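Chain residues, written in single-letter form:
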Amino acid sequence: MRVGDAKPSRYRRRVATLLLLALFAAGGVAGQQQRQAPPLPPDLRGVNDQLTGLTKDVANTISESFSFCVADPVDDWNEAFNYTADLGFVRQCLAETRGDMPQRLCTPAEAKFYFTSLFNAKGEKNLFLKTNINCGRTSWAPGCEPGWGCSAGSNPVPSNGDDIPLRTTNCQPCCEGFFCPRGLTCMLPCPLGAYCPRATMNVTTGLCDPYEYQITLNSTNGCGGADKWADFDSTEEIFCPAGYHCPTPTSKDSCSRGHYCKLGSTTENKCIVKRSCKENEDNENIIILGAFLVGAIGVLLLIIYNCSGQFLTIRERRKAKSRENAIQLARQQLKAHEGWKAAKQLAKRHVHGVQDHVSRTFSRRRSFRQPADPESQRVQESRLMGSVKAQEMSDSAVFSAQRTSEISEVMPSVVMDISNDGEIVMDKPAPKGKHRSTHTQIFKYAYGEIEKEKIRQEENKNMSFTGVIDMVKEQQKEITRPLLKVEFKNLTLSLGKRKLLRSVTGELQPGRVTAVMGPSGAGKTTFLNAVSGKVTGYQMTGSVLVNGKHGSIRSYKKIIGFVPQDDVVHGNLTVEENLWFSANCRLPATMSHRDRVLIVERVIDSLDLQGVRNSVVGTVEKRGISGGQKKRVNVGLEMVMEPSLLILDEPTSGLDSSSSQLLLKALRHEALEGVNICAVVHQPSYTLYNMFDDLILLAKGGLIVYNGPVKTIEDFFITLGIHVPDRVNPPDHYIDILEGIVKPESGINAKHLPVHWMLYKGYEVPSDMKDDLKAMGEESPQIGPDRSLSGSTPHCLPGGIRDAFSHERNRLDNRLSKPNDMSSRRTPGILKQYKFYLGRVTKQRLRDGRLLGVDFLILGLAGICLGTIAKLSDPTFGMPGYTYTIIAVSLLCKIAALRSFSLERLQYFRERESGMSTLAYFLARDTVDHFSTVLKPIIYLSMFYFFNNPRSSIGDNYTILLALVYCVTGIGYTFAICFSPGSAQLCSALIPVVLTLVSTQRTTPTFLKMLSYPKWALEGFIIVNAKRYPGVWLITRCGLLFKSGFDINNYKLCILILFMYGLFFRIVAFAAMVLLKKR
């Protein structure tokens, strides 16, 4: 009877229309056909029961001794010893032994004795059995010869199952379908997949073919049957030859056309393409299918290479069309607005004219005649006045409508829309019912506001004194940002014994634009970093107060903008995409979308970036916008988040005069919103210099020479006897003095200027500068504090207007007495930022599609080369090919993973310091990389599998390769974040090779193997392949797994560990991103 029902075919090849399904279906390997057990004749039932019991004991023995290579004892027994489909060789053996076959079969003790002797404790093969009761030094029965067996006869079988019975009588050659080992006088059935005919003597060699054993000299025995069953290298002759299939151990049939039969097959396997398989085909030639897939994937890669950026281009064109329509509508609306204002004035004049005419008419009538009926006269007057009043009321009702900034979409009929200044604009209504804002409507609102701002600016050019006061008051009402006043007292920054800043005292006021100037090495950038809280690794003394309160300025980072000296922008995004990402992540989460559009469009317009808004910024390798435009984008990234404190490090460097003035005008507009602006500038022109409100002048050594309004700096230096020559730019003259290029006319030492400033402001002179104070002696001018330094406005305006600005700006200080809650700005949370990051990274990947296509191409070529060179070898279960696969895939995927983080280190640090979520950034990049993680195994296997043609299914191979790619991608992340690009690439190239060699060496300690991810990947590949080697391959499978230290039951464990390795290294990479600081 059967021990278990044979499993039906698990994997059947199928051809589908979809490429992916065809790819996976092509790798399916048909299982063994289920054998239907015919009814047994009475004379074979007892023998079959004994044979079943023996083979079951053999299977159990192998399972107990070699559990690491037996996945399911029932399945392995059915695939190796289930002969119920055809017992012809048993019937033949019964006839040859005249019914004595049961006495010749090995007992469980003998079977255990044989199988446990095949390998020693070190895993080495041992084909010479130990001596036993029948075959020893004192007794050597004829059945001890290879291929011969004896009968137990009437000898009783030992009651102890571990003892070998005496078996020395009636010795004869082993039956076909059985094997009789040398040194053991019983018969064991050959497994399915083996071919065990009777041996014949080769006269030339003197060996018994096909088993190639030699009869002992002076022995009367001839050639018998098969002599052993062990691993393939030792007993290759009993394996069913390739190109044939052996349903039983005694039959060998040729493989028919349209089928293929691999080594050790029991059934034929259908070919996917029948014409590709001739008779006696040992393997299916699927290189043609592989070539087809190569071509299909090549076309796909070609599409990705050339068309990846077109999707974004189409979307940008649609948005540009909506934007152009909105600009035209906004301008038409403003034109209609001006026309309506003129019509309104005309209507008002007409109404007043009618009123005057009516008044004169009634006065004239009352003077010359009396009305016949006073009541009728009152009725007529009331009717006339009613019409006039009705006209006045309708006019006033229109102009007293609620103020709104909504601009309706142009529709067939006309309605009235009220603008911010209370004026009526002709427009067309939105459709009735539920209305949804479109891109055109939103852009229309934004550009309408921008155009109105431009008109107000033009009107303000010739504004009177009273108009300036009203404008400032109106501007004050519109200030919604928290105001930040930054004060620094005795700020000293040291690096070792070197002092970078010394006793710096001053303040930065909201609503003012402050310039920081000084010679090279004066510590200008260091000063900005110290004020903004970005210094690390330095010893800092003194205090930085925000709105008069002590505390870390980093707690205000969500409303602080810092523009670095280098243009740290994303080169593979457009100008608009860079600005929009910064706005989405840093503006309040509750801000409406149209207000965001207004802010972004206003910044683009103020920085004159309209012409390049859809142009890619560009990188070193790829040309983009100009350097000056990139500088303005760098500033715009901070302007779109509506900061309260904006710090800029050399924003005008690299810009021409007109671009610098354009940038300063935009900054001045921000200052009117209450923004505290501080910028380092080098050699500004006189016009640019006059656009600043305040100036901080630093000397070498980080000492302040002046901190106050720009308009009073010349007065201060005049008190020191320093005059600016005619036609010389004042800041250039002062910096030349500090550099020592120009000597002051008064003979004052430039080294003493910081001390003069301290005395002028009444600050305490540091102890290490007392010598300078003594050296000054009587030369120090006796000057008192200048109260005019307490506040100022742009001195380029007329005096009266400057005083008006000063008066109104003082109201800002009153607001500082009631500090706003800085936590009031709630930027988008992690999930929303993750969404924004996901969109940005997707766009970057699409623009880098060519680079991704090159990665896929190299991976596919590696699959072709390794699949062709490392041809599958059945005795090794394809281990060499899989070893090379692990090395190649690990190396290529790690190097590709380095680009995810190593190329954007500066951009990441800038975004992190501005308060953006590191977790959202990391998860977004990892999520987009999952696309490559899923696709790369398919690309590689579509080449490797069809050129190597292993027995395992492509689905199993894909699962392991997916886990491997996920694992090595996480390791690549860690290298990219923790090491410099050069070191990361070196580690990515060496570590896969080293770890693979370590994991495949038998002398390597076990714990090192366990820590090596190639060990688990290789074990997974070998396991899924070993399961496809049943029957006669059972001992070969056990020997290989034992030698390699693998366990056939660890498939799920291998997959789990690889994924856990990938997750672990991702956690390490994320922790490194959080903990590691900018180098």
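Definitions and limits used
- Residues numbered from 1 in each chain as written.
- Predicted model: local features only at pLDDT ≥ 70, side-chain atom pairs only at ≥ 80, totals over all residues.
- Heavy atoms only, no water.
- Core = buried A, V, L, I, M, F, W, Y, C linked by side-chain atoms within 4.5 Å.
- Buried < 20%, exposed > 50% of the residue type's maximum accessible area, 1.4 Å probe, protein only.
- Helix = DSSP H or I, 4+ residues; strand = E, 2+ residues; numbered from the N terminus.
- Phe/Tyr/Trp six-rings, centres within 6.5 Å; stacked < 30°, edge-to-face > 60°.
- Lys NZ or Arg CZ within 6 Å of the ring centre and 35° of its normal.
- Salt bridge = Lys/Arg side-chain N within 4 Å of Asp/Glu carboxyl O.
- Contact = heavy atoms within 4.5 Å.
- Pairing = 2+ DSSP bridges.
- Axes fitted to C-alpha atoms, helices over the stretch in contact; angles between N-to-C directions.
- Disulfide = S-S within 2.5 Å.
- Parallel < 35°, antiparallel > 145°, perpendicular 65-115°, else oblique.
- Left-handed = near helix turned anticlockwise from the far one by under 90°.
- Nonpolar A, V, L, I, M, F, W, Y, C, P; charged D, E, K, R; others polar.

Caption draft 1: Structural view of the nonpolar core. With 130 residues, the main nonpolar core has Tyr114, Phe178, Met187, Trp229 and Tyr940 as its most contacted residues. Ranked by residue count, the leading element in this core is helix 28 (residues 954-978), at 15 residues. Counting 95 residues, the second-largest nonpolar core is a separate cluster that includes Val597, Leu648, Leu663 and Tyr706.

Caption draft 2: Geometry of the packing of aromatic side chains. What the rule picks out here adds up to 37 aromatic pairs. Both rings, one in Tyr945 and one in Phe946, keep their centres 5.6 Å apart while their planes meet at 80 degrees; by these two values the pair is edge-to-face. Residues Tyr945 and Phe946 agree in their burial class; the two are buried. Through a chain of ring-to-ring contacts, the aromatic side chains of Phe581, Tyr837, Phe901, Tyr908, Phe909, Tyr921, Phe922, Tyr973 and Phe1070 assemble into a single cluster. Seen from the ring of Trp1016, Lys1015 lies directly overhead, with NZ or CZ sitting 3.8 Å from the centre. For Arg1066, the ring lying beneath its charged end belongs to Tyr966, and the centroid distance is 3.8 Å.

Caption draft 3: Spotlight on unusual backbone geometry. Geometrically, the link from Asp209 to Pro210 is a cis peptide bond, its omega value of 5 degrees lying close to zero. Relative to the helices and strands, Pro210 resides in the loop between strand 6 (208-209) and strand 7 (244-245). You will see that Glu212, though not glycine, has its phi angle at about 60 degrees, which is positive. Within the secondary structure, Glu212 is located in the loop between strand 6 and strand 7. Of note in the backbone geometry, Ser503 takes a positive phi value of approximately 50 degrees without being a glycine. Of note, Ser503 is situated in strand 14 (residues 498-508).

Caption draft 4: View of the pattern of salt bridges. Under the counting rule described, the total for this entry stands at 23 salt bridges. The residue Asp100 makes a salt bridge to Arg104 at a minimum N-O spacing of 3.6 Å. For Asp100, a relative accessible area of 15% puts it in the buried group. One salt bridge in this structure joins Arg613 and Glu601, with 2.6 Å as the shortest N-O distance. Of this pair, Arg613 sits in the loop between helix 14 (593-606) and helix 15 (627-639) while Glu601 sits in helix 14, and the two are 12 residues apart along the sequence. As far as the burial class goes, Arg613 and Glu601 line up, both buried. Each of the salt bridges in this network shares a partner with another, and the network as a whole consists of Glu576, Glu601 and Arg613.

Caption draft 5: Spatial organisation of the environment of Gly561. Within the secondary structure layout, Gly561 lies in strand 17 (residues 560-563). A relative accessible area of 0% means that Gly561 is categorised as buried. Along the backbone, Gly561 and Ile647 are 86 residues apart, and their C-alpha atoms lie at a distance of 6.1 Å. Apart from residues lying up to four places away in sequence, Gly561 is in contact with Arg586, Glu638, Met641, Pro643, Leu645, Leu646 and Ile647.

Caption draft 6: The arrangement of the sheet that holds strand 21 (residues 703-709) in detail. With mixed pairing, the 6 strands of this open sheet are ordered in space as 17-18-19-15-20-21. Where the open sheet ends on each side, the last strands, each with one partner, are strand 17 and strand 21. Pairs of neighbouring strands in the sheet enclose a mean axial angle of 15 degrees, with direction left out of account. Bridge analysis of strand 15 (residues 513-517) against strand 19 (residues 676-680) gives 4 bridges, and the strand direction is parallel. Within the sheet, the bridge partner assigned to Val513 lies in strand 19 and is Ile677. Helix 12 (residues 524-532) rests against strand 15, strand 17, strand 18 (645-649), strand 19 and strand 20 (694-699) of the sheet, and its axis sits at about 155 degrees to strand 18. The sheet contacts of helix 20 (residues 753-761) involve strand 20 and strand 21, and relative to strand 21 the element is tilted by about 50 degrees.

Caption draft 7: Fine view of helix 32 (residues 1034-1044). By the criterion of burial, helix 32 is predominantly enclosed, with 9 of the 11 residues buried. Looking one or two residues beyond helix 32, the residue adopting positive phi is Gly1045, at roughly 75 degrees.

Caption draft 8: Focus on helix 12. Taken together, the buried positions of helix 12 are Lys524, Phe527, Leu528, Ala530, Val531 and Ser532. Downstream of helix 12 by one or two residues, Gly533 has phi in the positive range, about 75 degrees.

Caption draft 9: Broad picture of the pairing of strand 1 (residues 148-151). Side chains Trp148 and Cys150 of strand 1 all project onto a buried face; the interleaved residues Gly149 and Ser151 project onto the opposite face, where all are buried too. Note: strand 1 against strand 2 (residues 169-173), 3 bridges, orientation antiparallel. By the bridge assignment, Trp148 is partnered in strand 2 with Pro173.

Caption draft 10: Structural detail: the sheet that holds strand 16 (residues 539-546). What the 3 strands build is an open sheet, ordered 14-13-16; its pairing is antiparallel. Every other strand in the sheet has two partners, leaving strand 14 and strand 16 as the edge strands with one partner each. With direction set aside, neighbouring strand axes in the sheet form an average angle of 10 degrees.

Caption draft 11: Spatial organisation of the state of the cysteines. Applying the stated criterion across every chain, the model contains 11 disulfides. The side chain of Cys255 participates in a disulfide bridge whose partner is Cys261; the two sulfur atoms lie 2.1 Å from each other. Between Cys255 and Cys261 the disulfide shows an S-S torsion of about 80 degrees. By sign, it is right-handed. Classification of Cys261 by relative accessible area gives buried; the value is 0%. At a sulfur-sulfur separation of 1.8 Å, the disulfide partner of Cys271 is Cys277. Every disulfide takes its handedness from the sign of the S-S torsion; for Cys271 and Cys277 that torsion is -105 degrees, giving left-handed. Comparing Cys271 with Cys277, the two get one shared label, buried.

Caption draft 12: How the structure looks around the packing of helix 13 (residues 575-586) against helix 23 (residues 830-847). For the pair helix 13 and helix 23, the least separation of the axes is 9 Å and the interaxial angle reads 165 degrees. Accordingly, the angle class assigned to the pair helix 13 and helix 23 is roughly antiparallel. The two elements helix 13 and helix 23 cross, and the hand of that crossing is left-handed. Facing helix 13, whose interface residues are Glu577, Phe581, Asn584 and Cys585, helix 23 presents Gln833, Phe836, Tyr837, Arg840, Lys843 and Arg847. Of the residues that constitute the contact of helix 13 with helix 23, the class distribution is 4 nonpolar, 2 polar and 4 charged.

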